Amino acid sequence: MGEEPRSVEVAGHRLVCPICGADRFTQGRSLLNTRGLTFLRLDWANREADNYICASCGHILWFLPSPEGQAI
Ligand SMILES: [Zn+2]
């Protein structure tokens, strides 16, 4: 069940890879574990995070849910 890379919008902005400039990403979702979050000092966000994998270079962009809730 391969996902097609697609363009992505985050907070009204088209996502563009900062490494290679491509605009096609495969979406993933990861459950962040407490140990990793503690290490990163992000205990408030102990839940799922969206990630987008650049279809061109493989760079992964992570987006944590806002601690105050999504603006949209
Ligand atoms: Zn890229």
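All values derive from a computational prediction rather than experimental measurement. (Residues numbered from 1 in each chain as written. Predicted model: local features only at pLDDT ≥ 70, side-chain atom pairs only at ≥ 80, totals over all residues.)

**Student:** An account of the overall build of the protein chain is requested, with residue identities and associated values reported.
**Tutor:** The helix and strand inventory of the protein chain stands at 1 helix and 5 strands. Ordering the α and β elements of the protein chain from the N terminus gives β-β-β-α-β-β. For the protein chain, buried positions account for 6% of its 72 residues. Within the protein chain, contacts between residues at least 6 apart in sequence are counted, and of these 39% link residues at least 24 apart. (Helix = DSSP H or I, 4+ residues; strand = E, 2+ residues; numbered from the N terminus. Buried ≥ 20, exposed ≤ 12 C-beta atoms within 10 Å, placed from the backbone. Contact = placed C-beta atoms within 7 Å.)

**Student:** Please set out the pairing of strand β4 (residues 48–54) residue by residue, giving values where relevant.
**Tutor:** Here strand β3 (residues 25–31) runs beside β4; their pairing, made up of 7 bridges, is antiparallel. Bridge pairing in β4 links Arg 29 to Asp 50. Where β4 meets strand β5 (residues 60–63), 4 bridges bridge the pair, whose relative direction is antiparallel. Across the sheet, the residue bridging to Asn 51 is Trp 62, located in β5. As consecutive antiparallel partners, β4 and β5 are separated by 5 residues, and within that stretch Gly 58 has a phi angle of approximately 90 degrees, a positive value. (Pairing = 2+ DSSP bridges.)

**Student:** Go over the sheet that holds β5, please, and point to the residues and values.
**Tutor:** Pairing is antiparallel across the open sheet formed by 3 strands, whose spatial order is β3-β4-β5. Of all the strands in the sheet, the pair left with one neighbour each is β3 and β5. Adjacent strand axes in the sheet meet at a mean angle of 25 degrees, parallel and antiparallel pairs treated alike. (Axes fitted to C-alpha atoms, helices over the stretch in contact; angles between N-to-C directions.)

**Student:** Which residues make up the environment of Cys 57, and what are the values?
**Tutor:** Along the chain, the position of Cys 57 falls in the loop between β4 and β5. The class for Cys 57 is exposed, based on 12 C-beta atoms found within 10 Å. As for Cys 57 and Gly 21, which are separated by 36 residues in sequence, their C-alpha atoms are 9.4 Å apart. Beyond its immediate stretch of four places on either side in the chain, Cys 57 contacts Cys 17, Ile 19, Cys 20 and Ala 22.

**Student:** Which residues make up the confidence of the model for the protein chain, and what values go with them?
**Tutor:** Confidence along the protein chain averages 78 in pLDDT terms, with 65% of residues attaining 70 or more. Taken element by element, the protein chain is modelled with least confidence in helix α1 (residues 34–40), mean pLDDT 59, and with most confidence in strand β2 (residues 13–14), mean pLDDT 92. (pLDDT = per-residue confidence, 0-100.)

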